Amino acid sequence: MSITIEATDTDLQHKLITQAEKRLPYLTAGETYTLAAILGETFWEENDEESHKAQGRIFSGLVNDRRVPFTADGWTKYRHNEYRYTPTE
């Protein structure tokens, strides 16, 4: 899967795509991750809860649009989305 930034992307979409792409070498294909793990704890900790909610909505949309190499894979016990890293889909 090729990750691309589109001219119509919002700043937040651009930021999330760029950060996720930087983190891909640290992820294992087929494994399931929360958004915090995908983006990295340092990146995640820089934001507050409202920012996390916005990031979650935007990232979910990127996943649904197949713009990032992840598929939705349920919820954690804390009601956070989980995503499976699927680089070959």
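Small disclaimer: the values here were computed from a predicted structure and weren't measured. (Residues numbered from 1 in each chain as written. Predicted model: local features only at pLDDT ≥ 70, side-chain atom pairs only at ≥ 80, totals over all residues. Heavy atoms only, no water.)

So, the packing of helix 1 (residues 11-23) against helix 4 (residues 49-64)
Moving on, step 1. Running from N to C, helix 1 and helix 4 cross one another at 75 degrees; their axes reach a closest spacing of 10 Å. With respect to each other, helix 1 and helix 4 are oriented roughly perpendicular. For the pair helix 1 and helix 4, contact is made by Leu 12, Gln 13, Leu 16, Ile 17 and Ala 20 and by Ala 54, Gln 55, Ile 58, Phe 59 and Leu 62, respectively.
Moving on, step 2. In terms of residue class, the contact of helix 1 with helix 4 is made up of eight nonpolar, two polar and no charged. (Axes fitted to C-alpha atoms, helices over the stretch in contact; angles between N-to-C directions. Helix = DSSP H or I, 4+ residues; strand = E, 2+ residues; numbered from the N terminus. Parallel < 35°, antiparallel > 145°, perpendicular 65-115°, else oblique. Contact = heavy atoms within 4.5 Å. Nonpolar A, V, L, I, M, F, W, Y, C, P; charged D, E, K, R; others polar.)

Some words on the pattern of salt bridges
Moving on, step 1. Taken as a whole, this structure holds four salt bridges when the rule is applied.
Moving on, step 2. For Arg 67, the salt bridge identified is with Asp 9, shortest N-O distance 2.7 Å. Of this pair, Arg 67 sits in the loop between helix 4 and strand 2 (70-75) while Asp 9 is found in the segment before helix 1, placing the two residues 58 residues apart along the sequence. The same class applies to Arg 67 as to Asp 9, namely buried.
Moving on, step 3. Glu 50 is the partner of Lys 53 in a salt bridge, and the nearest nitrogen-oxygen pair spans 3.6 Å. With a gap of three residues between them, Lys 53 and Glu 50 both fall in helix 4, about one helical turn apart.
Moving on, step 4. The class for Glu 50 is exposed, based on a relative accessible area of 53%.
Moving on, step 5. Residues participating in the shared-partner salt-bridge network are Glu 6, Asp 9 and Arg 67. (Salt bridge = Lys/Arg side-chain N within 4 Å of Asp/Glu carboxyl O. Buried < 20%, exposed > 50% of the residue type's maximum accessible area, 1.4 Å probe, protein only.)

Everything listed is a geometric property; what it means functionally is a separate question.
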